[in-house]
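The primary structure of each chain is shown beneath.
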Amino acid sequence: MDPFLYSLTLTLITISLFALSFFTYKRRSPAGHLRLPPGSFGLPFFGETLEFLYGKPEKFVADRMKKHSPHVFKTKILGEKTAVICGPAGNKFLFSNEQKLVVAWRPHSMQKLYRSQAQKSPAPAPAQAPAQTGNETTVIRSPGFFKPQALMKYLEKMDSITQNHLEKFWRGNSKVQVYPLAATFTLSLASNFFLGLEDQDHGRITKLVKKFNDLTFGQHAMAVNFPGTMFNKANKAAVIVRKELVAIMKERKEEMLGGKKMNDILSHMILASDAAGRFIPENEIAGNVMGLITAGYNAVAMTITFLMKFIAERPDIYTKIFDEQEEIASSKKAGEALNWDDIQKMKYSWNVACEVMRLMPPLQGTFREAITDFTYEGFTIPKGWKIYWTVSSTNKNSDYFPEPEKFDPTRYEEGNGSVPYTYVPFGGGPRMCPGKEYARLALLCFLHNMVKRFKWEIIDPNEKIMGEMMPIPAQGLPVHLYSLSK
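Positions within a chain are numbered from 1, following the residues in the order the chain's sequence is written. In keeping with the model being predicted, local features are shown solely for residues with a pLDDT of at least 70 and side-chain atom pairs are shown and tallied solely at 80 or more, while totals for entire chains, interfaces and linings include all residues. Side-chain numbers come from the whole structure's heavy atoms, not from hydrogens or water.

1. With respect to the sheet that holds strand 5 (residues 365-370)
Turning to step 1, where the next piece is worked out: Strand order across the open sheet formed by five strands is 1-2-8-5-3, with mixed pairing between neighbours. Across the chains shown, the open sheet's two edge strands, defined by having one partner strand only, are strand 1 (72-77) and strand 3 (102-105). Taking the axes of each pair of neighbouring strands and ignoring which way they run, one obtains an average angle of 35 degrees across the sheet.
Turning to step 2, where the next piece is worked out: Only strands joined by at least two bridges in the DSSP assignment are considered to pair. Numbered from the N terminus, helices here are DSSP runs of H or I no shorter than four residues, and strands are runs of E no shorter than two. Of the strand pairs in this sheet, strand 2 (residues 80-85) and strand 8 (residues 386-390) are connected by three bridges, and their pairing is parallel. Residue pairing for strand 8: T82 is matched across the bridge by K386.
Turning to step 3, where the next piece is worked out: In this analysis, two residues are considered to be in contact whenever any of their non-hydrogen atoms come within 4.5 Å of each other. Interaxial angle, 0 to 180 degrees, is taken between N-to-C directions of lines fitted to C-alpha atoms, where a helix line uses only the stretch in contact. Its contacts with the sheet put helix 3 (residues 57-67) on strand 1 and strand 8, and the angle it makes with strand 1 is roughly 130 degrees.
Turning to step 4, where the next piece is worked out: Its contacts with the sheet put helix 4 (residues 87-96) on strand 2, strand 3, strand 5 and strand 8, and the angle it makes with strand 8 is roughly 125 degrees.

2. Re helix 8 (residues 178-195)
Turning to step 1, where the next piece is worked out: Each helix should span, by expectation, one fewer than its residue count multiplied by 1.5 Å. With 18 residues, helix 8 should reach 26 Å at 1.5 Å per residue; the first-to-last C-alpha distance of 25 Å fits that figure.
Turning to step 2, where the next piece is worked out: A 1.4 Å probe rolled over the protein chains alone gives each residue an accessible area, and that area as a share of the maximum for its type sets the label: buried under 20%, exposed over 50%, partly exposed in between. Within helix 8, 17 of the 18 residues are buried, which leaves it mostly tucked inside the rest of the structure.
Turning to step 3, where the next piece is worked out: Count one or two residues on from helix 8 and you reach G196, which has phi positive near 75 degrees.

3. Considering unusual backbone geometry
Turning to step 1, where the next piece is worked out: With phi around 50 degrees, E377 is a residue other than glycine that occupies positive phi space.
Turning to step 2, where the next piece is worked out: In this fold, E377 is placed in the loop between strand 6 (374-376) and strand 7 (379-381).
Turning to step 3, where the next piece is worked out: We classify E377 as partly exposed; its relative accessible area is 42%.
Turning to step 4, where the next piece is worked out: The phi dihedral of Y421 is positive, around 70 degrees, even though this residue is not glycine.
Turning to step 5, where the next piece is worked out: Position of Y421 among the secondary structure elements: in the loop between strand 8 and helix 17 (436-453).

4. A closer look at the nonpolar core
Turning to step 1, where the next piece is worked out: What we call a nonpolar core is a set of buried Ala, Val, Leu, Ile, Met, Phe, Trp, Tyr and Cys residues that are connected through their side-chain atoms within 4.5 Å. One finds W170, L195 and W456 to be the most contacted residues of the largest nonpolar core, which totals 101 residues.
Turning to step 2, where the next piece is worked out: Here the element with the most residues in this core is helix 13 (residues 282-313); it accounts for 16 residues.
Turning to step 3, where the next piece is worked out: For L195, the residues in contact, after removing those within four places along its chain, are A190, I205, L245, I248, R252, D264, L266, V289 and I293.
Turning to step 4, where the next piece is worked out: Counting 20 residues, the second-largest nonpolar core is a separate cluster that includes F41, L101, Y376 and I387.

5. A short note on the sheet that holds strand 4 (residues 175-177)
Turning to step 1, where the next piece is worked out: Judged by pairing direction, the sheet is antiparallel, and its three strands sit side by side in the order 4-12-9 without closing on themselves. Since the sheet does not close on itself, it has two edges, and those belong to strand 4 and strand 9 (454-458), each with one partner. Across the sheet, the axes of successive neighbouring strands diverge by a mean angle of 35 degrees, strand direction being ignored.
Turning to step 2, where the next piece is worked out: Here strand 9 runs beside strand 12 (residues 478-483); their pairing, made up of five bridges, is antiparallel. Looking across to strand 12, one finds that W456 is bridged to L481.
Turning to step 3, where the next piece is worked out: Packed onto the sheet, helix 8 meets strand 4 and strand 12 and runs at close to 65 degrees relative to strand 4.
Turning to step 4, where the next piece is worked out: Across the sheet, helix 17 touches strand 9 and strand 12, and the angle it forms with strand 9 is around 90 degrees.

6. Some details on helix 7 (residues 148-170)
Turning to step 1, where the next piece is worked out: Bending of helix 7 peaks at approximately 40 degrees at the position of Y154.
Turning to step 2, where the next piece is worked out: All of the buried residues along helix 7 are L151, Y154, L155, M158, D159, I161, T162, H165, L166 and W170.
Turning to step 3, where the next piece is worked out: G172 sits one or two residues past helix 7 and shows a positive phi near 90 degrees. The seven residues ending at a residue and the seven starting there each receive a fitted axis; the angle between those axes is the bend at that residue.

7. So, the packing of helix 10 (residues 209-218) against helix 11 (residues 230-257)
Turning to step 1, where the next piece is worked out: The contact between helix 10 and helix 11 brings their axes to 8 Å, and the two run at 135 degrees. With respect to helix 11, the axis of helix 10 lies oblique. Between helix 10 and helix 11 lies a crossing whose hand is left-handed. Judged by residue contacts, K211, F212, D214, L215, F217 and G218 of helix 10 engage M230, F231, K233, A234, A237, A238, I240 and V241 from helix 11. Roughly parallel means an angle under 35 degrees; roughly antiparallel, over 145; roughly perpendicular, 65 to 115; everything else is oblique. For any helix crossing, the convention is left-handed if the near helix is rotated counterclockwise from the far helix by under a right angle, and right-handed if that rotation is clockwise.

8. Let's talk about the packing of helix 14 (residues 315-330) against helix 17
Turning to step 1, where the next piece is worked out: It is at 9 Å that the axes of helix 14 and helix 17 come closest, and there the two elements cross at 100 degrees. It follows that helix 14 is roughly perpendicular to helix 17 by the angle criterion. Of helix 17, the residues touching helix 14 (which contributes Y318, I321, F322, Q325, I328 and A329) are L447, H448, V451 and K452.
Turning to step 2, where the next piece is worked out: Residue polarity follows a fixed list, in which Ala, Val, Leu, Ile, Met, Phe, Trp, Tyr, Cys and Pro are nonpolar, Asp, Glu, Lys and Arg are charged, and the others, Gly among them, are polar. By residue class, the composition of the contact of helix 14 with helix 17 is seven nonpolar, two polar and one charged.

9. Describing the layout of surface pockets
Space left empty within the atom packing is revealed by a probe, the size of a water molecule, rolled over the atoms.
Turning to step 1, where the next piece is worked out: For each structure, a 1 Å grid was placed over the protein atoms alone; sets of points admitting a 1.4 Å probe that cannot get out are labelled cavities, open sets with protein on both sides within 12 Å along at least five of seven lines are labelled pockets, and lining residues have an atom within 4 Å of a point. Grid points are joined across faces, edges and corners, and a volume is the space filled by probe spheres set on the points. As a volume, the second largest pocket reaches approximately 580 Å³.
Turning to step 2, where the next piece is worked out: Around the second largest pocket, the lining comprises 25 residues; the ones closest to its centre are N192, F193, G196, N263 and D264.
Turning to step 3, where the next piece is worked out: At the level of secondary structure, the elements contributing two or more residues to the lining of the second largest pocket comprise helix 7, helix 8 and helix 11.
Turning to step 4, where the next piece is worked out: It is helix 7 that contributes the most residues to the lining of the second largest pocket, five residues altogether.

Right, here's the structure in full:
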């Protein structure tokens with residue numbers, strides 16, 4: 001066939017397919033008798049995904065709240081018809097209806113990255129394994145890893161890891177990049193807490209920090225697996241990380257068969273079984289643990305980075321934190337680790353961290369799926385639709401936070417409490433982030449040891465912030481570091 005005719009034919013076919021998809025899309029719109037939320041599904045196929053992923057999340061939400069409704073609006077993002085439920089009343093409604101009207105749902109990119117690669121046949125059962133459910137959430141919550149009682153025991157280890165990290169990677173340097181070091185630190189914590197790796201073995205995971213970063217950004221991208229795309233990089237990273245986790249798992253099984261007692265999340269997942277005695281396949285455990293580590297390490301690393309940034313910009317805040325932490329340190333014996341009572345005294349330091357998470361939330365939002373038709377604010381949300389919950393509808397709203405762009409830790413002092421369901425950086429209800437208390441300990445433990453040792457100055461005050469769903473400073477926040485003499 002003539003090349004010109006061939007090209008023309010392909011063009012006509014492409015146009016025809018696009019037109020067909022457009023009219024099919026129109027015809028498949030819900031029946032007129034349903035009173036759907038106001039809003040727009042955007043373009044065929046893409047919907048409003050590009051604006052959602054690559055514009056500022058708070059702007060995406062605020063613009064549509066203003067245009068359509070301050071309570072709920074419809075959109076189409078990540079290939080799914082979605083209702084975005086907004087404001088404190090919306091937050092309360094969603095948090096109160098978990099497992100009743102809605103259930104957790106992961107975007108397709110996350111499903112593909114963390115899905116099980118295991119065979120269909122059940123894994124062989126280790127000898128003398130306890131009968132537990134194999135559900136990921138149940139395994140994590142049932143042993144109480146994130147309960148205060150368990151974290152109290154872990155705090156001494158967390159303090160030790162923090163001190164070792166600062167002495168190894170920060171001490172002796174006049175200039176450092178905060179974000180890469182914060183990521184290495186939080187991966188070290190995760191290696192010990194989730195995997196039970198001792199200090200000398202943390203490098204097995206921290207050497208993969210670049211791969212975990214690729215996973216973090218790729219899980220919020222469109223699930224397009226073309227070379228060079230963020231999702232493609234994340235997919236390659238997932239293969240490498242999963243391989244290392246499976247290797248660690250095999251070693252752990254041998255240790256447990258040899259009689260060694262382990263008390264970490266990975267070991268509990270290995271021993272967990274369902275009612276029929278079937279154990280979770282190795283690759284499925286690897287996917288679950290990979291998701292947990294990715295969620296746990298990056299949120300804390302990002303918050304540490306912006307803590308360092310905002311504190312450096314406000315010497316008065318540094319002084320107040322230093323005074324609070326110095327009072328705690330002076331009450332302890334030399335070499336004595338932080339304890340639970342010390343953490344409870346860090347009220348101002350935690351207020352600062354809370355304000356950082358309001359302005360730069362480590363979690364922009366999460367998805368649910370409607371398991372039945374339900375009505376909200378007079379509009380029908382059909383079964384199967386996705387529901388997007390986001391902090392963006394409240395955390396910079398001047399109705400709830402006066403001068404919302406101002407960094408003001410006093411917002412959280414006693415007597416200045418925010419309106420219920422307006423400050424929800426960890427979500428709420430049954431799906432509240434189980435790692436909330438773990439994150440609080442990690443942040444305060446880092447801050448305590450940091451201000452005891454250093455002061456710092458930002459090198460580039462105008463450094464750009466890159467990434468919208470997971471923002472970080474473009475150059476990793478380079479700072480001048482000054483050691484404090486004792």
